[in-house]
Amino acid sequence: MTPLGYRRLILTRHAKSSWDDPAMEDRDRPLNARGRAAALELGDFLASRGLEPEEVLCSSATRTRETWDRVERAVIETRPEVSYVEDLYHAAPEMMLQVLRTAAAPTVMMLGHNPGIAEFAHRLPARALHDPDFRRFPTCATLIVDFQIDSWDEVQPGQGSVLDFFTPTRRG
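Per chain, residues are indexed from 1 in the order of the written sequence. Owing to the predicted nature of the model, reporting of local features is limited to residues with pLDDT of at least 70; listing and counting of side-chain atom pairs is limited to 80 or more, with chain, interface and lining totals taken over all residues. The side-chain values count all of the structure's non-hydrogen atoms but skip hydrogen atoms and water molecules.

A. Representation of the sheet that holds strand S4 (residues 107-112) in the model. Strand pairing is assigned whenever DSSP identifies at least 2 bridges connecting the two strands. We count a stretch as a helix when DSSP gives it H or I for four or more residues in a row; a strand needs E for two or more, and each element gets its number in order from the N terminus. The strand order S3-S2-S4-S1-S5-S6 describes an open sheet built from six strands, whose pairing is mixed. Each having just a single partner strand, strand S3 (81-85) and strand S6 (161-166) make up the two edges of the open sheet. Between one strand axis and the next, the sheet turns through 15° on average, direction left out of account. As paired elements, strand S1 (residues 7-13) and strand S5 (residues 142-147) share six bridges and run antiparallel to each other. Counterpart to Thr 12 in the pairing with S5 is Thr 142. Working rule for contacts: check all heavy atoms of both residues, and any pair within 4.5 Å makes them a contact. Every axis corresponds to a line fitted to the C-alpha atoms, with the helix fit spanning only the stretch in contact, and the corresponding angles, defined between N-to-C directions, vary from 0 to 180 degrees. In this fold helix H1 (residues 33-48) packs onto S1, S4, S5 and S6, with an angle of close to 140° to the strand it touches most, S6. On top of the sheet, helix H3 (residues 93-100) reaches S1, strand S2 (55-59), S3 and S4; it is set at about 150° to S4, its chief contact.

Below, the structure written as structure tokens:
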């Protein structure tokens, strides 16, 4: 829970997806085994730190939806309002900002895709994050950033304070 005058964003790139069927449409690709494990790991990370979203803005692609489904299994304290947003599918940072400005809850999780989500993550903090994985924003990477604002429609790039950054443990 964030205090009055603060907003918290949990910005997540989808977990690792499967390329087993090269004929499958990009938006329909599911998670692979590593991705499923990473999404559960992210859920445990968020729950263990009390970083539970009150609202979720999720790309409509299968891999982002499956990432949220697995994260949600560990986020047991809240049942956030979930919106599957077509505009977040391969969105540019400007579109992500536009969608974020429509959020209502103080703590919002947004799930999307590279390269847009990495660019968006780099634009949000007031100070650069010095983590070797932050620049490339690998699958299931998650930036937790706080803003001193009363409403999401006030959010601007370069005004966030980084609370944490998560990347899953590598498996196989």
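B. Molecular detail of the pairing of S2. Burial within S2 is extensive, with five of its five residues counted as buried. For the exposure calls, accessible area comes from a 1.4 Å probe over protein chains only, and a residue counts as buried if that area is under 20% of its type's maximum, exposed if over 50%, partly exposed in between. The side-chain alternation of S2 yields two buried faces, one formed by Glu 55, Leu 57 and Ser 59 and the other by Val 56 and Cys 58. Where S2 meets S3, five bridges bridge the pair, whose relative direction is parallel. If you follow Glu 55 over to S3, its bridge partner there is Glu 81. By the bridge criterion, four bridges tie S2 to S4 in an arrangement that is parallel. Looking across to S4, one finds that Cys 58 is bridged to Leu 111.

C. Just helix H2 (residues 62-74), in detail. Those residues of H2 not exposed but buried are Arg 63, Thr 64, Thr 67, Trp 68, Arg 70, Val 71 and Ala 74. Taken end-on, H2 shows its buried residues confined to a sector of 165°, consistent with a single buried face. On its buried face, H2 sits against H1, S2, S3 and S4. The reported arc concerns the directions from the helix axis to the C-beta atoms and nothing else.

D. Summary view of the pattern of salt bridges. The salt bridge definition used is simple: a Lys or Arg side-chain nitrogen within 4 Å of an Asp or Glu carboxyl oxygen. All chains considered together, the criterion is met by eight salt bridges. The salt bridge involving Asp 26 is made with Arg 29; its shortest N-O contact spans 2.8 Å. Taking the relative accessible area as the measure of exposure, Asp 26 reaches 23% and is therefore partly exposed. For Glu 86, the salt bridge identified is with Arg 27, shortest N-O distance 2.9 Å. With a gap of 59 residues between them, Glu 86 in the loop between S3 and H3 and Arg 27 in the loop between S1 and H1 connect regions that are remote in the sequence. With relative accessibility at 46%, the residue Glu 86 sits in the partly exposed group. Residue classification places Arg 27 among the partly exposed positions, given a relative accessible area of 29%. Via salt bridges that share partners, Asp 26, Arg 29 and Arg 63 belong to a single interconnected network.

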